[in-house]
Amino acid sequence: MSKQATPGWMRQQERSNLAILRLMVWISLTFGRAAGRVVLSGIALYFTLFAPRARRASRAYLKRALGRWANWADGYRHVFSFATTIHDRIYLLNERFDLFDIEVVGADALHEALAKQPGALLMGAHLGSFEVLRAVGRGKEGRKVAMLMYEENARKINATLEAINPRATQDIIPLGRVESMLEARDKLEAGYLVGMLADRSLGDDATVGYPFLGETAPFPLGPWRLAAMLQRPVFFMAGLYLGGNRYQLHFVPLADFSATPRSERDAAIAAAMQGYADCLTHFCRLAPYNWFNFFDFWQKK
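Since we're looking at a predicted model, the values are computed, not measured.

1. Remarks on the overall build of the chain
- From N to C terminus, the chain includes eleven helices and ten strands.
- Considering the chain as a whole, with its 301 residues, one finds that 51% of them fall into the buried category.
- Sequence-distant contacts in the chain: of pairs separated by 6 or more residues, those separated by 24 or more amount to 75%.
- Of the roughly 14400 Å² of accessible surface on the chain, 54% is carried by carbon and sulfur atoms.

Written as structure tokens, this is what we have:
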């Protein structure tokens, strides 16, 4: 277990610009998804060419996930997949679910857990689109979704979502406050699916090393301690972008802390974290252009 210095993903400057985002929202909603994707391809090409640090990190990751050298075309596809999931938020947050073909895999286990008690925790990653889950919840199953995230990220995400659709800011719970766990507990009791992204940490978070794509990498312990305290079933969740308008939403059971005695929590947390790292490895190899960490995740010096 270790403490980290400020991680690379936090040191990188935000390149997003809300004015440009609002322009993209207007273009996309006025002229359609196809027109928006034409603009998107130019943006992806720009970042592929002129973001060398991100490109190097992308190549290092893709080499592991693909099992071969990652060329410029791979790098562009990686960036374009990332840009696409952001672009598609415009439609998903404006309830244009009809534009997408979303396949759900592994929902039966989630439904069984929800039949026993209200609410469940979803451990995601910067993998594909979490917004697809919101779409399925709002459009088909009627399940409400809330996200737990760090305060600064919550502020940025809320600003972004407000630019897309002001109604989309209400179900984000900022971490790091005394009342955060109480808010999450209340959401769970109300039957929400509460999601967290568990593949990145803040600088002072405790981490534990687990094998990931062939080498040990640090994963934050905080989300799992919180999950154990909230005493709910935990599922790995990934909304993979498969190209065109196709997404595939996966649910994989990881742990059930509602049935875990306090004396066994540490062992249950360790097993769940290992399962999480294994799931992330599996889905990164299944859909390698979907993992959007454009920094040195393995923290090579």
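Now, onward.
2. Some thoughts on the sheet that holds strand β2 (residues 101-105)
- Read from one edge of the open sheet, seven strands run β2-β10-β9-β3-β6-β4-β5, paired in mixed fashion. Strands at the two margins of the open sheet, each flanked by one partner only, are β2 and β5 (172-175). Taking each pair of neighbouring strands and ignoring which way they run, the sheet shows an average axis angle of 25 degrees.
- The sheet contact formed by strand β4 (residues 145-150) and strand β6 (residues 193-197) spans three bridges and is parallel. Each bridged residue has a counterpart across the sheet, and for A146 the counterpart in β6 is V194.
- Taken strand by strand, helix α9 (residues 180-189) contacts β3 (120-124), β4, β5 and β6, and its axis lies near 150 degrees from that of β5.

3. Digging into the pattern of salt bridges
- This structure, assessed with the given rule, holds six salt bridges.
- E215 is paired through a salt bridge with R64; the nearest N and O atoms lie 2.9 Å apart. Taken as a pair, E215 in strand β8 (residues 215-220) and R64 in helix α4 (residues 52-66) lie far apart in primary sequence, 151 residues in all.

4. A look at the environment of P211
- Turning to its location among the elements, P211 is positioned in strand β7 (residues 206-212).
- P211 has contacts with T216, Q274, A277 and T281, leaving out every residue within four places of it along the chain.

5. Some remarks on the packing of helix α3 (residues 33-50) against helix α5 (residues 72-92)
- With their axes 8 Å apart at the nearest point, α3 and α5 run at an angle of 140 degrees to one another. The orientation of α3 with respect to α5, classified from their angle, is oblique. Note that α3 runs across α5; the crossing there is right-handed. Where α3 abuts α5, its residues R33, G36, R37, L40, S41, A44, L45, F47, T48 and L49 lie against W72, G75, Y76, V79, F80, A83, T84, H87, D88 and Y91.
- Tallied by class, the residues present in the contact of α3 with α5 amount to eleven nonpolar, six polar and three charged.

6. A closer look at α4
- In this model α4 runs 20 Å from its N-terminal to its C-terminal C-alpha over 15 residues, within 8% of the 21 Å that 1.5 Å per residue would give.
- The complete set of buried residues in α4 reads A54, A57, S58, Y61, L62 and A65. Viewed end-on, α4 has its buried residues packed into an arc of 130 degrees, placing them on one side of the element. Residues of α4 that are exposed and angled more than 90 degrees away from the buried face: R53 and R56.
- Check the buried side of α4 and you find it contacts α5 and α11 (265-286).
- With its phi angle positive at about 75 degrees, G67 sits one or two positions after the end of α4.

7. So, α3
- Compared with the 26 Å implied by 1.5 Å per residue over 18 residues, the 25 Å span of α3 between its first and last C-alpha is a close match.
- Those residues of α3 not exposed but buried are R33, G36, R37, L40, A44 and T48.

8. Observations regarding the nonpolar core
- L127, F212, F219, W224, Y276, L280 and W291 are the most contacted members of the largest nonpolar core, which has 54 residues in total.
- The dominant element in this core, judged by the number of residues it contributes, is α11, at nine residues.
- Apart from residues lying up to four places away in sequence, W291 is in contact with Y61, H78, A125, H126, L127, D199, F212, L280, C284, F297 and W298.
- Ranked by size, the runner-up nonpolar core spans 17 residues in total, among them L122, V145, I172 and L193.

9. Here we look at the environment of L133
- Tracing the chain through its elements places L133 in helix α7 (residues 131-141).
- Accessibility expressed as a relative area gives 3% for L133, which makes it buried.
- C-alpha separation for the pair L133 and L92, spaced 41 residues apart in sequence, amounts to 9.7 Å.
- Beyond its immediate sequence surroundings of up to four residues, L133 is in contact with L122, V145, L193, M237, L249 and F251.

Cut-off values and rules
Residues numbered from 1 in each chain as written. Predicted model: local features only at pLDDT ≥ 70, side-chain atom pairs only at ≥ 80, totals over all residues. Heavy atoms only, no water. Helix = DSSP H or I, 4+ residues; strand = E, 2+ residues; numbered from the N terminus. Buried < 20%, exposed > 50% of the residue type's maximum accessible area, 1.4 Å probe, protein only. Contact = heavy atoms within 4.5 Å. Areas by Shrake-Rupley, 256 points an atom, 1.4 Å probe, with all protein chains shown as cover. Pairing = 2+ DSSP bridges. Axes fitted to C-alpha atoms, helices over the stretch in contact; angles between N-to-C directions. Salt bridge = Lys/Arg side-chain N within 4 Å of Asp/Glu carboxyl O. Parallel < 35°, antiparallel > 145°, perpendicular 65-115°, else oblique. Left-handed = near helix turned anticlockwise from the far one by under 90°. Nonpolar A, V, L, I, M, F, W, Y, C, P; charged D, E, K, R; others polar. Expected span 1.5 Å × (residues − 1). Arc of directions from axis to C-beta. Core = buried A, V, L, I, M, F, W, Y, C linked by side-chain atoms within 4.5 Å.

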